Amino acid sequence: MVVDVDDRILVRGARAGDLDAFETLVRRHQASVYRVALRMLASDADAQDVTQDTFVRAWQALGRFREQSAVGTWLYRIVTRRSLDVLAARRHATVLDDRQPAHDGDPATVTEQRQRLHAVTRELAALPPDQRAALVLREFEGLPYEQIAEILDTTVPAIKGRIHRARLTVLKHTADWR
Amino acid sequence: MNVPEDRLPCGTALDDLVTQVTEQAPSTDPGHQAQCPYCQTALHGLTRSWADIRALAAEPVPVPAGLTARVMSRVRELAARMTTTFVLAGALGDTRISHTVIGQIARRAALTVPGVLFASAQARPGQPTDPARLIFTLRLVIAFGPAADALADAVRAVVHQHIPRLTGATVSSIDITIDDIAPPDN
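Glancing now at the layout of surface pockets. By volume, the largest pocket is sized at about 350 Å³. As for the largest pocket, its lining consists of 20 residues, and the residues nearest its centre are Arg 15, Ala 16 and Gly 17 of chain A together with Thr 100 and Gln 122 of chain B. Here the lining of the largest pocket gets five residues from one element, more than from any other, and that element is strand β3 (residues 116-127) of chain B. Roughly 300 Å³ of volume is contained in the second largest pocket. If you trace the second largest pocket, you find 16 residues lining it, with Ala 61, Trp 74, Arg 77, Ile 78 and Arg 81 of chain A closest to the centre. A total of seven residues in the lining of the second largest pocket trace back to one element, the largest contributor, which is helix α4 (residues 71-90) of chain A. Its residues assigned to classes, the lining of the second largest pocket shows six nonpolar, two polar and eight charged.

Next comes the structure, spelled out in C-alpha cells:
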C-alpha cells in the first residue's frame, strides 16, 4: 500500500538520519527544482549541478527547516538562490538549453515552432537575473505572487513590477508589434 | 514619423497592450483599439508571442536519467561522514554498522506490521558504558482502523525481534510517535 506521506513527516524522518525519507522528498520535488534551474540557467548541465547542490544544501539545512513553511517553497528558495549565484559567476557567458524535446507533426511546422520557442528562451536568458527568477516562478511554475515574494524575499508589489518588466522586455523583442 | 520607443504610431503605449495580453485585462481605450490598425497589428503579434511563452512553459521537462541517483549518492556520502557506528568486536576483527543502517533495519521491520504505512527510525546508543544497547525513536503514519497502541506494540515486537538477529545489537527502548493517521480511503 502506498501512502502519500506529508512532506513535513518526511523532513522529520530525514532529520533523524532516514535517507529513504529524504530520497522520497528528492523524488517528489526534483522535477520542479530541475525545471526552475533549467529555465533560470538555460543549460542542462548547469541545471543538473544546481539541482544536486540544492538537495545537498537542503540535507545539510534540515535542522533549520521551520515546519510552518512548505517544503516546496523552501526548495524553490534554495534553487533560485543557487541559480542566481551561478548566473552572477557566469557574467556574460550565454548558454542555451541544449535539450532536444521530441515533437510530433509536420517537420516544417515543428522547426518553426522550435525556432520561436528558442527565441523566447534566448530572451529569457537575456533578462536581468532578478526579473528572470520572478518570471520563471510565475509563468513556468504557476506560483502566486505572494509565494514568489516569499521565495525571493521581497514584497508583492516589487514582484509584480519585476514580472511586468520581464514580460514587456521579452514580448518587445520577440513579438512583431510595430 | 518619429515615434517614441515603446509607443505605437497611434500613441498607444506598448506597456498597456502587454498588460492587456498577459493579464487578460480590458482595453484602456476600446473605441480607439477597435478602429486602429496599429493596435490591431501589435495585439496580434503580442498575443502570438505570449502564446509561445505559454507553450514553452507547458512543454514537459523530464527529469534527466540518473539525477536522483547522483543527488542521493552525494547525500549518502555526507551522511556517512556524519553518522556514528556500532562496533561488534570479533576474533578475526571488528565489524562496524552505522546507526543509520540500524535505523533503516528498524524502519523496514516496522513496515512489515500491517497497518503501518510509513515509518522512519533513528537508533542511538543508550549509555556510553554499553554502546551495544540502543535506543530507538520511530515515527509512524498508520492506517485508519487498528488501535494505535496495539500497533505500536506490534512494531516494538518486530524491532526487538529483527535488530539483535540482524545486527547483534540489543534494544534498550523504543519510543514511538504516531505522526499521522491516513484517511480510510487511502
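A word on the pairing of strand β5 (residues 170-182) of chain B. Residues and elements named next belong to chain B. Taken together, the 11 bridges between strand β4 (residues 130-143) and β5 define a ladder with parallel strand orientation. Residue Phe 136 lies in a different strand from β5, and its bridge partner there is Ile 174. On the question of chirality, the crossover connecting β4 to the parallel β5 by way of helix α6 (residues 148-167) is right-handed.

To continue, consider unusual backbone geometry. One non-glycine residue, Asp 153 of chain A, lies in positive phi territory at about 55°. Not every positive phi belongs to a glycine, and Gln 24 of chain B is a case in point at roughly 50°. Mapped onto the fold, Gln 24 of chain B is located in the loop between α1 (14-22) and α2 (30-35). A residue is classified by how much of its surface remains accessible, and Gln 24 of chain B, at 73% relative accessible area, is exposed.

This paragraph deals with the pattern of salt bridges. Going through the model one piece at a time under the given rule, you end up with 23 salt bridges over all chains. For Asp 18 of chain A, the salt bridge is made with Arg 107 of chain B, and the minimal N-O distance between the two is 3.9 Å. Within this pair, whereas Asp 18 of chain A is found in the loop between α1 (7-15) and α2 (19-41), its partner Arg 107 of chain B is found in helix α5 (residues 99-111), the two belonging to separate chains. A relative accessible area of 2% places Asp 18 of chain A in the buried class. Overall, Arg 107 of chain B belongs to the buried group, its relative accessible area being 10%. Note that Glu 139 of chain A is salt-bridged to Arg 167 of chain A, the shortest N-O span being 2.7 Å.

Definitions and cut-offs
- Residues numbered from 1 in each chain as written.
- Chains lettered and ligands numbered in written order.
- Predicted model: local features only at pLDDT ≥ 70, side-chain atom pairs only at ≥ 80, totals over all residues.
- Heavy atoms only, no water.
- 1 Å grid on protein atoms, 1.4 Å probe; cavity = no way out; pocket = protein on both sides within 12 Å on 5 of 7 lines; lining within 4 Å.
- Points joined across faces, edges and corners; volume = space filled by probe spheres on them.
- Helix = DSSP H or I, 4+ residues; strand = E, 2+ residues; numbered from the N terminus.
- Nonpolar A, V, L, I, M, F, W, Y, C, P; charged D, E, K, R; others polar.
- Pairing = 2+ DSSP bridges.
- Right-handed = clockwise from strand over helix to strand, strands pointing away.
- Buried < 20%, exposed > 50% of the residue type's maximum accessible area, 1.4 Å probe, protein only.
- Salt bridge = Lys/Arg side-chain N within 4 Å of Asp/Glu carboxyl O.

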